[in-house]
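What the coordinates show
The primary structure of each chain is shown beneath.
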Amino acid sequence: DAGVIQSPRHEVTEMGQEVTLRCKPISGHDYLFWYRQTMMRGLELLIYFNNNVPIDDSGMPEDRFSAKMPNASFSTLKIQPSEPRDSAVYFCASSRDRDYGYTFGSGTRLTVV
Amino acid sequence: DQQVKQNSPSLSVQEGRISILNCDYTNSMFDYFLWYKKYPAEGPTFLISISSIKDKNEDGRFTVFLNKSAKHLSLHIVPSQPGDSAVYFCAASAMGGSEKLVFGKGTKLTVNP
């Protein structure tokens, strides 16, 4: 079990560019979550999926953010266009169900300059 | 509106002594609580959880206490070890089919040798 795999680990991009973050959840986990961590706001839930279907995207900050889960083994979080205030660590997590807690990936550190 | 609050950003403890990390919540619908530990450059890892039907759950050196009337939970680590130095996140979730976790901002624990 390789755990939740996120790529890239680090991303530096210029303001206005499109950024795509990727996540491979643990096989058999039906839930997938995207979180963002900043000093000011801590860990914020952006969106989560159940069986590849988006359930709650109320945490997505604005229309520049979008997330997809085309199949059970892959999800993307896209920011277009990126802005400096999007700089943060983005975590993906998966879960079999809530009683087992979440398994987090190592995160993608995004820097928008 | 912060539903899960960790009011102490940092805590410093001597090795061998007890570490007590606190967490308060405001949403009375929360019925499941978890603690996560996070090392630098890694994702949070699940540590221990407690359901609202209990007031205590123990796992080795880690014990979580829940006081529902005060909407307060705490994590006790006894004895504390230098390897426990990390950021600890409190998280909570509510019933009604809501699987998403709401996280506090975290408390950085430093255990001094």
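First, a word on scope: everything that follows refers to the structure included in this document.

A look at the sheet that holds strand S7 (residues 65–71) of chain A
Think of a sheet as strands paired side by side through backbone hydrogen bonds, with each pair either parallel or antiparallel. Residues and elements named next belong to chain A. One open sheet holds the four strands; their spatial order is S1-S3-S8-S7, and the pairing between them is antiparallel. Only two strands of the sheet have a single partner each, and these edge strands are strand S1 (5–7) and S7. Strand-to-strand twist of the sheet, defined as the mean angle between neighbouring strand axes without regard to direction, takes the value 15°. Across five bridges, the pairing between S7 and strand S8 (residues 74–79) is antiparallel. Its bridge partner being in S8, asparagine 71 is matched across the sheet by phenylalanine 74.

Quick word on the sheet that holds strand S7 (residues 62–67) of chain B
All names here are of chain B. Taken together, the five strands give an open sheet; going across it, the order is S1-S3-S8-S7-S6, and neighbouring strands pair in antiparallel fashion. Because the sheet does not close on itself, it has two edges, and the strands there are strand S1 (4–5) and strand S6 (56–59). Sheet topology places S1 next to strand S3 (residues 19–25); two bridges connect them, and they run antiparallel. Bridge pairing links valine 4 to tyrosine 25 in S3.

Notes on the interface of chain B and chain A
Contacts between the two partners involve 22 residues from chain B and, on the opposite side, 21 residues from chain A. Regarding the contact of chain B and chain A, the summed buried area is about 1,600 Å², with carbon and sulfur atoms giving 53% of it. One can count zero salt bridges joining chain B with chain A. The interface formed by chain B and chain A holds five residue pairs in polar contact (both at pLDDT 80 or more) in total. The element contributing the most residues to the side of chain B that touches chain A is strand S4 (residues 30–38) of chain B, with five residues. Here the residues of the side of chain B that touches chain A sort into eleven nonpolar, five polar and six charged.

Examining the nonpolar core
With 24 residues, the main nonpolar core has Phe33, Trp35, Leu73, Leu75 and Tyr88 of chain B as its most contacted residues. Elements represented by at least two residues in this core include exactly S3, S4, strand S5 (45–51), S7, strand S8 (72–77), strand S9 (86–94) and strand S11 (107–112) of chain B. When residues in this core are grouped by element, the largest group, five residues, is from S9 of chain B. Sequence-distant contacts of leucine 75 of chain B, that is, excluding residues within four places in its chain, are made with Ser19, Ile20, Leu21, Trp35, Leu47, Ile48, Phe62, Thr63 and Tyr88 of chain B. Counting residues in each nonpolar core, the second largest holds 21 residues, with Val19, Leu21, Leu32 and Met60 of chain A among its members.

Quick word on the packing of aromatic side chains
All names here are of chain A. Tallied over the entire structure, the rule returns 15 aromatic pairs over all chains. A centroid spacing of 4.0 Å and a plane angle of 15° characterise the contact between phenylalanine 33 and tyrosine 102, whose relative ring orientation is stacked. A residue pair is termed long-range when its members are at least 10 positions apart, and phenylalanine 33 in strand S4 (residues 31–38) and tyrosine 102 in the loop between strand S9 (88–95) and strand S10 (103–104) qualify at 69 residues. The class for phenylalanine 33 is buried, based on a relative accessible area of 1%. When its relative accessible area of 3% is taken as the criterion, tyrosine 102 is described as buried. Where phenylalanine 91 meets phenylalanine 104, the ring centres are 6.1 Å apart and the plane angle is 85°; that geometry is what we call edge-to-face. Of this pair, phenylalanine 91 sits in strand S9 while phenylalanine 104 is found in strand S10, placing the two residues 13 residues apart along the sequence.

Rules behind the numbers
- Residues numbered from 1 in each chain as written.
- Chains lettered and ligands numbered in written order.
- Predicted model: local features only at pLDDT ≥ 70, side-chain atom pairs only at ≥ 80, totals over all residues.
- Heavy atoms only, no water.
- Pairing = 2+ DSSP bridges.
- Helix = DSSP H or I, 4+ residues; strand = E, 2+ residues; numbered from the N terminus.
- Axes fitted to C-alpha atoms, helices over the stretch in contact; angles between N-to-C directions.
- Contact = heavy atoms within 4.5 Å.
- Buried area = accessible area lost by both parts, 1.4 Å probe.
- Salt bridge = Lys/Arg side-chain N within 4 Å of Asp/Glu carboxyl O.
- Polar contact = N/O pair within 3.5 Å; in protein donor to acceptor, adjacent residues only side chain to side chain.
- Nonpolar A, V, L, I, M, F, W, Y, C, P; charged D, E, K, R; others polar.
- Core = buried A, V, L, I, M, F, W, Y, C linked by side-chain atoms within 4.5 Å.
- Buried < 20%, exposed > 50% of the residue type's maximum accessible area, 1.4 Å probe, protein only.
- Phe/Tyr/Trp six-rings, centres within 6.5 Å; stacked < 30°, edge-to-face > 60°.

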